[in-house]
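# Coordinate analysis (summary)
Residues per chain are reported as follows:
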Amino acid sequence: MAFLLDQEERDRRFMQRALREAADALEHEDVPVGAVIVRDDRVIGRGRNQREALQDPTAHAEILALTAAAAAIGHWRLEGCTLYVTLEPCPMCAGAAVLARIPRIVFGAWDEKGGACGSLYDIPTDGRLNHRCETTGGVLAAESADLLRAFFRHRRSLGEK
């Protein structure tokens with residue numbers, strides 16, 4: 001039981017770090033999604049959505065965090081790492097985590113319209129792939145969803161979609 005409590009506390013602590021990244025994306029007028037990659041209780045990669053800033057459709061928080069983590073350890077295989085992200089990964093990001101051999105994905109808010117870790121698809125646990133990731137959803141979900149709702153409410157108030 002102590003391990004479960006420790007794991008739950010660890011998940012909340014690192015999701016707070018991902019939320020800080022998401023808040024940074026919000027300050028830069030991008031969809032507030034943040035991600036961190038953790039290995040041995042240390043953040044080795046982080047990212048926030050930068051699609052608007054970089055004008056790059058692949059500049060999702062998870063992709064940028066995976067790239068930073070691979071650079072930090074000098075290898076594309078991110079075995080022994082956990083991806084923490086504030087929104088359920090999309091198909092691209094879930095696929096990238098599988099390809100990077102991430103053993104565990106922890107996310108905040110569920111994405112019923114585009115999530116690929118249990119909502120719309122379940123790429124990380126698809127037995128047809130050569131690697132699978134354990135997934136844990138709903139960690140600090142309310143905080144993650146609140147950031148997203150505030151962002152989109154503001155965008156709609158400006159007449160944007």
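## A few points about the overall build of the protein
Helix and strand counts for the protein come out as five helices and five strands. What you see in the protein, going N to C, is helices and strands ordered as α-β-β-α-α-β-α-β-β-α. Taking 161 residues into account, the globule formula puts the C-alpha radius of gyration at 15 Å, and the protein, at 15 Å, falls close to it. Summarising its shape, the C-alpha atoms of the protein cover approximately 45 × 35 × 30 Å along the three principal directions. Residues classed as buried in the protein amount to 44% of the 161 residues present. Split by element, the accessible area of the protein, about 8600 Å² in all, is 52% carbon and sulfur.

## Here's the deal with the pattern of salt bridges
Under the criterion given, the structure shown has 10 salt bridges. Here D41 makes a salt bridge to R10, at a shortest N to O gap of 2.9 Å. Of this pair, D41 sits in the loop between β1 (34-39) and β2 (42-48) while R10 sits in helix α1 (residues 2-27); the two residues are 31 residues apart in sequence, bridging distant segments of the chain. D41 gets classed as partly exposed once you look at its relative accessible area, which sits at 42%. Its relative accessible area of 23% is what places R10 among the partly exposed residues.

## Quick look at the layout of surface pockets
The computed volume of the largest pocket comes to approximately 400 Å³. Lining of the largest pocket is provided by 19 residues; of these, V31, V33, L87, D111 and L148 occupy positions nearest its centre. Per-class residue counts for the lining of the largest pocket are 10 nonpolar, three polar and six charged.

## Comments concerning the pairing of β1
Each regular strand displays side chains that alternate between the two surfaces of the sheet. Burial of β1 is extensive: five of the six residues sit out of reach of the surface. By the bridge criterion, six bridges tie β1 to β2 in an arrangement that is antiparallel. Note on β2: the bridge partner recorded for V36 is R46. The antiparallel hairpin formed by β1 and β2 contains two residues in its connecting segment, where D40 sits at a positive phi of about 55°. Across five bridges, β1 lies against strand β3 (residues 81-87) in antiparallel orientation. Residue V38 lies in a different strand from β3, and its bridge partner there is T82.

## Structural notes on unusual backbone geometry
Leaving glycine out, the prevailing phi sign among residues is negative, and the prevailing peptide bond configuration is trans. Phi at D40 takes a positive value of approximately 55°, unusual for a residue other than glycine. Tracing the sequence through the fold places D40 in the loop between β1 and β2. Under the relative-accessibility criterion, D40 is labelled exposed at 70%. Phi angles above zero are rare outside glycine, and R101 is one such case at about 65°. Mapped onto the fold, R101 is located in the loop between α4 (91-99) and β4 (104-109).

Calculation notes
Residues numbered from 1 in each chain as written. Predicted model: local features only at pLDDT ≥ 70, side-chain atom pairs only at ≥ 80, totals over all residues. Heavy atoms only, no water. Helix = DSSP H or I, 4+ residues; strand = E, 2+ residues; numbered from the N terminus. Rg over C-alpha atoms; globule rule 2.2 N^0.38 Å. Buried < 20%, exposed > 50% of the residue type's maximum accessible area, 1.4 Å probe, protein only. Areas by Shrake-Rupley, 256 points an atom, 1.4 Å probe, with all protein chains shown as cover. Salt bridge = Lys/Arg side-chain N within 4 Å of Asp/Glu carboxyl O. 1 Å grid on protein atoms, 1.4 Å probe; cavity = no way out; pocket = protein on both sides within 12 Å on 5 of 7 lines; lining within 4 Å. Points joined across faces, edges and corners; volume = space filled by probe spheres on them. Nonpolar A, V, L, I, M, F, W, Y, C, P; charged D, E, K, R; others polar. Pairing = 2+ DSSP bridges.

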